[in-house]
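Reading the structure
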Amino acid sequence: ELRVLIYNGDTDPSINSFAAQNWTSHLGFTPTQPWRAWTIDGCRRMGGYVTRYAERLDYLTIRGAGHMVPEFKPEAAYAFLEAWLAGDEYKPYVKSCKHPPPNPRRSSTVAL
């Protein structure tokens, strides 16, 4: 079944993230996860924000990224694409977290 991911950097001057969020929220889809923070590390390293819809659409922003997300925020781009391709949840922000949990998929030799 088809899944759709719409993402953009929240500092993109070409495609404003507020306009994209407004567009996705007016598609008439049912949110299953309202606007919430996602992290790179499953702890406190903010990646951006995400809304998930029952119709298999995710709208995701990348904090501090411009139009070319992988160029500006390669680690965040890797984290959200890894989760999306695997069909996993985007890692949540955990206020009480002091140390991120280990990522079993990521090799310690991967350089970002």
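Before reading on, note that the structure itself is shown above.
A brief report on the enclosed structure follows. All figures in this text were calculated on a predicted structure; none of them were measured in a lab.

Before going further, it helps to spend a moment on the overall build of the chain. Each helix and strand in the chain was counted, giving 3 helices and 4 strands. Written out in order from the N terminus, the α and β elements of the chain read β-α-β-β-β-α-α. Here the C-alpha radius of gyration of the chain, 14 Å, is about what a compact globule of 112 residues would show, namely 13 Å. Expressed along its principal axes, the backbone C-alpha trace of the chain runs to roughly 40 × 30 × 30 Å. Each of the 112 residues in the chain was classed as buried or not, and the buried ones make up 37%. Expressed as a percentage of contacts within the chain between residues at least 6 apart in sequence, the contacts between residues at least 24 apart total 58%. Accessible area of the chain: about 6,900 Å², with a carbon and sulfur share of 58%. Charge separation in the chain, taken as the distance between the mean sites of 13 positive and 11 negative side-chain charges, equals 8 Å.

In terms of residue burial, strand β4 (residues 57–62) counts as a mostly covered element, since 6 of its 6 residues are buried. Every second residue of β4 is oriented toward a common face, with L57, Y59 and T61 on one face and D58, L60 and I62 on the other, all of them buried. Both strand β1 (residues 4–9) and β4 contribute to a ladder of 6 bridges, which runs parallel. In the strand pairing of β4, Y7 is matched with L60. Summarising the sheet, strand β3 (residues 46–53) and β4 pair through 4 bridges and their orientation is antiparallel. Its bridge partner being in β4, T51 is matched across the sheet by Y59. Between β3 and β4, which follow one another and run antiparallel, lie 3 residues, and R56 among them has a positive phi close to 70 degrees.

What follows covers helix α1 (residues 17–25). Residues S17, A20 and T24 constitute the buried set of α1. Relative to the axis of α1, the buried residues are bounded by an arc of 60 degrees and lie together on one face. The exposed residues of α1 that point more than 90 degrees off its buried face are F18 and W23. On the buried face of α1, the contacting elements are β1, β3 and β4.

So, how was this worked out
- Residues numbered from 1 in each chain as written.
- Predicted model: local features only at pLDDT ≥ 70, side-chain atom pairs only at ≥ 80, totals over all residues.
- Heavy atoms only, no water.
- Helix = DSSP H or I, 4+ residues; strand = E, 2+ residues; numbered from the N terminus.
- Rg over C-alpha atoms; globule rule 2.2 N^0.38 Å.
- Buried < 20%, exposed > 50% of the residue type's maximum accessible area, 1.4 Å probe, protein only.
- Contact = heavy atoms within 4.5 Å.
- Areas by Shrake-Rupley, 256 points an atom, 1.4 Å probe, with all protein chains shown as cover.
- Lys, Arg positive; Asp, Glu negative; His and termini not counted.
- Charge placed at Lys NZ, Arg CZ, Asp CG, Glu CD.
- Pairing = 2+ DSSP bridges.
- Arc of directions from axis to C-beta.

Function-wise, these values are silent; they only describe arrangement.
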